Each structure stands twice: as structure tokens, then as C-alpha cells.
Amino acid sequence: MRTLSDAFKKALFAQESDEVVICLLTVDHEELTTPFYFSSDNTSRISENPLMYATVSRGREYYFVPFDFILPEDKSDVPPKIMLTVENIDRQIVPLLRSFTTPPSILVEIVLKSAPSIVEMDFPEMQMANATIVDSNIQIELVCDALLTEPFPGGTFTPGAFPGLF
Amino acid sequence: MTDWPTDLPQAFLRDGFGKKAADNIIRSPMAVGPAKIRRRSTAGVGEYNGSFRMTEAQLQTFEAFWVSDLKQGSLTFRIPAPFSAAPGGTALVRFKEPYSVSPMGVDWRVGMVLEILP
């Protein structure tokens, strides 16, 4: 069972709340020298020219990129899947996405604006499985290693492989 | 950071001025009872809608500022903030749409809609 902080539970159950739920992404890939850090909230302005916002969590700046996120369902028989929708993309994102030959790994963490260094929820490092460009946004599907779809056992006795048995 | 030129009017005309606060809440209607509300993000984008009275020379200065310094209104700049509690307070803004010019006696009324950036 997931353990949430008292502040998060209080914000969830309140009729009105000034708490902001922030999604932090850490994007890593073997071809990247350093990971990319992104945040869904414009917590504080770090630069005026160029205009940039970021969320500081655990001493690191997560740069603001406007995106929506849908967390995975809590079902035991379904692999977790997270949907990200990035808005107002420009032409630089599409070539970047198409340049990957292997999927990047993405760590998803949920924090609150009042305590950005306390991770309320985190999801195991997921992989980008699919990216769909629709109008002016791009929808990214993150999945875990689909171990549930792996066949078990790895080998089977079939007439083709073991004709002497049949 | 680009600042509003000092030789241009430093305050909006009171007539027709409006300020709109940022819409920054998520409202979830419930089946019964009042809706649940929470804040969408840390800071939202507000709006100034107003006009300046400019002479011919000031209008030319403004248009050069808009084209050269703001790259036809695509960049942010600082403007003296209306209702600023601190003297000399400024607001970081950018044009939401192109400005408009109309005659006002011997001078010109320059109307603009500005986004107030957090």
C-alpha cells in the first residue's frame, strides 16, 4: 500500500486546497551525457531572458515544461502505464524523439509544492513505448518492462522441436 | 531584460483600463454538494488591457521599441506596474496580441493587451 504524507492526504480530502501536485521527470538514456530533468509546474522563475521556470527538488532544478500526466491504475494484473501529453510542441521535439534507437528510461516522481524535496509517489523507471503527435501536442506512453506478457516457461515441448516425444 | 522606455508614458489611461487575474484553479463538480477546488499550478498568467496617450514622437519611439527591442512583440519586457505597493514596482509582461492605434485629439491612443507573467 502506498504511504502518503499527512499533508498530501489532507490536500486530497479537503474541499478546497491550495496545494499543487507536481510531476517530476528524470529522462535518461545511454547516449545522454547527463539526464534531463523536467517539471510540470512553474514553481519559480530562474531566468527572464530566456524566460524559464523550474522546480527545485533535492538541490536539483527540474525545468518547467507544460505537460499533463495520467497516473497508472492500481491493478495487479495490468502493467502500469503512464500517459504524458506535452503541449505546444515545436519542431525540435519531433526530430529528437525520432533520433532514439532505443527507448529512454524515465523516472516519474510526484511531489507537493509545499515540500518539493519530499517524494510522495515514485514509479519504477519506465520506458517510452509510444509517441503520438496529434495537432499541437504529443502524447507519450510510458510502460514498465512488460514482464506479464513474457511466456512462461521459456521453452515448451512441441512436435516441431521434439518430434521423438510425439 | 528590456524595460519600458522612460520617455514613454509611465501609466495607463484610467479610462478603459482593466486587469484580469489569472485563472489558476481546477474545479471538479461533485454529484452532490459543492465542487472540489484545488490550485492548478504555482502561478498563473494575468492580463492588463489598457491604453496609453502618446504624442507623435512618442508613438514613433514606441513602434521602434516594439519592432526592434521586442522583435514585433515576441519578447518579454518590464513595465511600471499599476497598483504596485512598492514605489517603482515593475511587472514582467509580454504582448498577447498586436497593439492598436487610434486618434485622440492631437495625440494618439495606443491600445494593448499584455500578459502578466509570473
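Scope of this entry: the structure provided in the associated data block. All figures in this text were calculated on a predicted structure; none of them were measured in a lab.

**Considerations on the overall build of chain A**
Counting its secondary structure elements, chain A contains two helices and eleven strands. Each helix (α) and strand (β) of chain A, taken in turn from the N terminus, gives the series α-β-β-β-β-β-β-β-β-α-β-β-β. Computed over its C-alpha atoms, the radius of gyration of chain A comes to 20 Å, more than 25% above the 15 Å expected for a compact globule of 166 residues. Across its three principal directions, the C-alpha atoms of chain A cover 75 × 40 × 30 Å. The proportion of buried residues among the 166 residues of chain A is 30%. A sequence separation of at least 24 residues applies to 52% of the contacts in chain A between residues at least 6 apart. Within the structure as shown, chain A displays about 10700 Å² of accessible surface, and the carbon and sulfur contribution to it stands at 55%. Chain A carries 11 positive and 24 negative side-chain charges, and their two centres are separated by 3 Å.

**With respect to the side chain of Asp 107 of chain B**
Residue and element names in this part refer to chain B. Mapped onto the elements of the fold, Asp 107 is located in strand β9 (residues 107-116). In this structure the side chain of Asp 107 is engaged in a polar contact, spanning 3.0 Å, whose partner is the side chain of Arg 53. Excluding residues within four positions of it along the chain, Asp 107 makes contact with Arg 53, Met 54 and Thr 55.

**Looking at the sheet that holds strand β3 (residues 25-28) of chain B**
Pairing between the strands of a sheet is mediated by backbone hydrogen bonds and can be parallel or antiparallel. An order of β1(A)-β4(B)-β3(B) is seen for the three strands of this open sheet, with the pairing classed as mixed. Each edge of the open sheet carries a strand with a single partner, namely β1 (16-17) of chain A together with β3 of chain B. Two elements, β1 of chain A and strand β4 (residues 36-39) of chain B, share two bridges in a ladder whose sense is parallel. Bridging from a neighbouring strand, Glu 16 of chain A pairs with Ile 37 of chain B of β4 of chain B.

**Re the packing of aromatic side chains**
All names here are of chain B. Applying the stated criterion across every chain yields a total of 19 aromatic pairs over all chains. Both rings, one in Phe 12 and one in Tyr 48, keep their centres 6.0 Å apart while their planes meet at 50°; by these two values the pair is tilted. Placement of Phe 12 in the loop between β1 (2-3) and β2 (18-20) and of Tyr 48 in strand β5 (residues 46-54) is noted, with a sequence separation of 36 residues between them. Across this residue pair, the class does not change: Phe 12 and Tyr 48 are buried. Ring centres 5.6 Å apart and planes at 85° place the aromatic pair Phe 65 and Phe 77 in the edge-to-face group. Placement of Phe 65 in helix α1 (residues 56-69) and of Phe 77 in strand β6 (residues 77-80) is noted, with a sequence separation of twelve residues between them. Across the pair, Phe 77 and Phe 65 agree in class, each one buried. Among the aromatic side chains, those forming a connected cluster through ring pairs are Trp 4, Phe 12, Phe 17, Tyr 48, Phe 52, Phe 62, Phe 65, Trp 66, Phe 77, Phe 95 and Tyr 99.

**Some thoughts on the environment of Gly 111 of chain B**
All names here are of chain B. For Gly 111, the position within the fold is in strand β9. The class for Gly 111 is buried, based on a relative accessible area of 14%. With near-sequence residues (within four places) excluded, Gly 111 lies in contact with Gly 50, Ser 51, Tyr 99 and Ser 100.

**Considerations on the interface of chain A and chain B**
Contact with chain A, which involves 18 residues of that partner, is made by 16 residues of chain B. Roughly 1400 Å² of surface becomes buried between chain A and chain B when both sides are summed, with 43% attributable to carbon and sulfur atoms. Taken as a group, Gln 15, Asn 42 and Glu 48 of chain A account for 33% of the area that chain A buries against chain B, more than any other trio of residues on that side. Seen at the junction of chain A and chain B, the total is one salt bridge. The closest approach of N and O atoms between Arg 78 of chain B and Glu 48 of chain A, which form a salt bridge, is 2.4 Å. Joining chain A to chain B, the criterion identifies twelve residue pairs in polar contact (both at pLDDT 80 or more). The set of elements that each furnish at least two residues to the side of chain A that touches chain B consists of α1 (6-13), β1, β4 (44-48) and β5 (51-57) of chain A. Grouping the amino acids of the side of chain A that touches chain B by side-chain chemistry returns six nonpolar, five polar and seven charged.

Calculation criteria
- Residues numbered from 1 in each chain as written.
- Chains lettered and ligands numbered in written order.
- Predicted model: local features only at pLDDT ≥ 70, side-chain atom pairs only at ≥ 80, totals over all residues.
- Heavy atoms only, no water.
- Helix = DSSP H or I, 4+ residues; strand = E, 2+ residues; numbered from the N terminus.
- Rg over C-alpha atoms; globule rule 2.2 N^0.38 Å.
- Buried < 20%, exposed > 50% of the residue type's maximum accessible area, 1.4 Å probe, protein only.
- Contact = heavy atoms within 4.5 Å.
- Areas by Shrake-Rupley, 256 points an atom, 1.4 Å probe, with all protein chains shown as cover.
- Lys, Arg positive; Asp, Glu negative; His and termini not counted.
- Charge placed at Lys NZ, Arg CZ, Asp CG, Glu CD.
- Polar contact = N/O pair within 3.5 Å; in protein donor to acceptor, adjacent residues only side chain to side chain.
- Pairing = 2+ DSSP bridges.
- Phe/Tyr/Trp six-rings, centres within 6.5 Å; stacked < 30°, edge-to-face > 60°.
- Buried area = accessible area lost by both parts, 1.4 Å probe.
- Salt bridge = Lys/Arg side-chain N within 4 Å of Asp/Glu carboxyl O.
- Nonpolar A, V, L, I, M, F, W, Y, C, P; charged D, E, K, R; others polar.

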